[in-house]
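Chain residues, written in single-letter form:
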2 protein chains.
Amino acid sequence: MKSLADYEQKFDRLHEDCPVRAALDVIRGRWKPSILYELKDGPRRFSQLQAALAGITAQALTVQLRQLEADGVVVRTVHPEETPFRVEYALSEAGKTLSGVLDQLETWGVGYLARRGTRRTRVA
Amino acid sequence: MKSLADYEQKFDRLHEDCPVRAALDVIRGRWKPSILYELKDGPRRFSQLQAALAGITAQALTVQLRQLEADGVVVRTVHPEETPFRVEYALSEAGKTLSGVLDQLETWGVGYLARRGTRRTRVA
DNA sequence: CGGCATCCGGGGTGATACTG
DNA sequence: CAGTATCACCCCGGATGCCG
């Protein structure tokens, strides 16, 4: 496996350590919110995640998981004694606290979509 | 002025109306959290924002503000009677509720940076 | 003072094919 | 089953110069 450092995101992490941007940088990513959501109720295998996230490729899933791991919100565990071997992903302690933040975002998003919902459906 | 629709962001807004992604899409942007923060305490002029956000160009500020306006979280008001005329930006009702979400992100980010802080300074 | 047009680079992400 | 390597596209955002 490649070094975790290879998966560290490149966009300027020099944002003067602004906490808001730091948080957003962790969540940022096409599939990360969904992944975090899937892991909320306990560890999941790579294949389980891939099945749950309709449309994601193995490559994409790997990258997103590695970035989450590099950011310390996801923990990766390999069970080599089994064949075929099993790889499980779980939320770290920091990851679990992140779920609360995502809930806040969801709550706001629900209200936001409700307010604009009628407009949106009219468009397409 | 261009139509607000021209500033609607293009990334697939079709994400099945996931509230979390909807919320993140609104916040997403290099300067948007900072802009929202600056507007938290009341309306600000274009030039005030530009001065507060060290390093931003007028063009970048314009685009970010227009996107926030298109998303309904910022309201733009022109005062043409004055010369030089004045343009003010303020949070909409939806924008004000967004501030709470940003506070959550900040709180989490503070703890996150504190946990990793020591590691980070060692790096560079 | 505020805004727009244009060029341009880089990162994020998908598609595909291959490995232990 | 899980992961890697490579290619390619596209959007975001910075820089510059001009306009009312």
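Identification of chain A as Transcriptional regulator, HxlR family from Nannocystis exedens is taken from an unreviewed UniProt entry.

## Let's talk about the relation of the copies chain A and chain B
Superposing chain A onto chain B takes a rotation of 180° plus a shift of 0.0 Å along the axis, which leaves an RMSD of 0.1 Å. Interpreted geometrically, this transformation is the action of a two-fold axis. Taken as a fraction of all interface residues of chain A, those also at the interface in chain B reach 100%, which identifies the copy contact as same-surface.

## A short note on helix H4 (residues 58-70) of chain B
Helix length check: H4(B), at 13 residues, gives a terminal C-alpha distance of 18 Å against a target of 18 Å (1.5 Å per residue), a fit within 8%. Just past H4(B), the residue Gly72(B) takes up positive phi, approximately 80°.

## Concerning the protein's contact with DNA strand D
For DNA strand D, the set of nearby residues contains 23 residues, the closest of which are Lys2(A), Phe46(A), Ser47(A), Tyr89(A) and Arg30(B). A breakdown of the atoms of DNA strand D within 4 Å of the protein gives sugar and phosphate a share of 84%. Note that a phosphate oxygen of DNA strand D is positioned 2.7 Å from one of the backbone N or O atoms of Lys2(A). The separation between a phosphate oxygen of DNA strand D and a polar side-chain atom of Arg76(A) is 2.8 Å. Listed by contribution, the elements that provide at least two residues to the surface near DNA strand D are helix H3 (46-52), helix H4 (58-70) and strand S3 (86-91) of chain A together with H4 of chain B. Looking at the surface near DNA strand D, its residues break down into 10 nonpolar, 8 polar and 5 charged.

Conventions we followed
- Residues numbered from 1 in each chain as written.
- Chains lettered and ligands numbered in written order.
- Predicted model: local features only at pLDDT ≥ 70, side-chain atom pairs only at ≥ 80, totals over all residues.
- Heavy atoms only, no water.
- Least-squares fit on C-alpha atoms with pLDDT ≥ 70 in both.
- Contact = heavy atoms within 4.5 Å.
- Helix = DSSP H or I, 4+ residues; strand = E, 2+ residues; numbered from the N terminus.
- Expected span 1.5 Å × (residues − 1).
- Near = heavy atom within 4 Å.
- Polar contact = N/O pair within 3.5 Å; in protein donor to acceptor, adjacent residues only side chain to side chain.
- Nonpolar A, V, L, I, M, F, W, Y, C, P; charged D, E, K, R; others polar.

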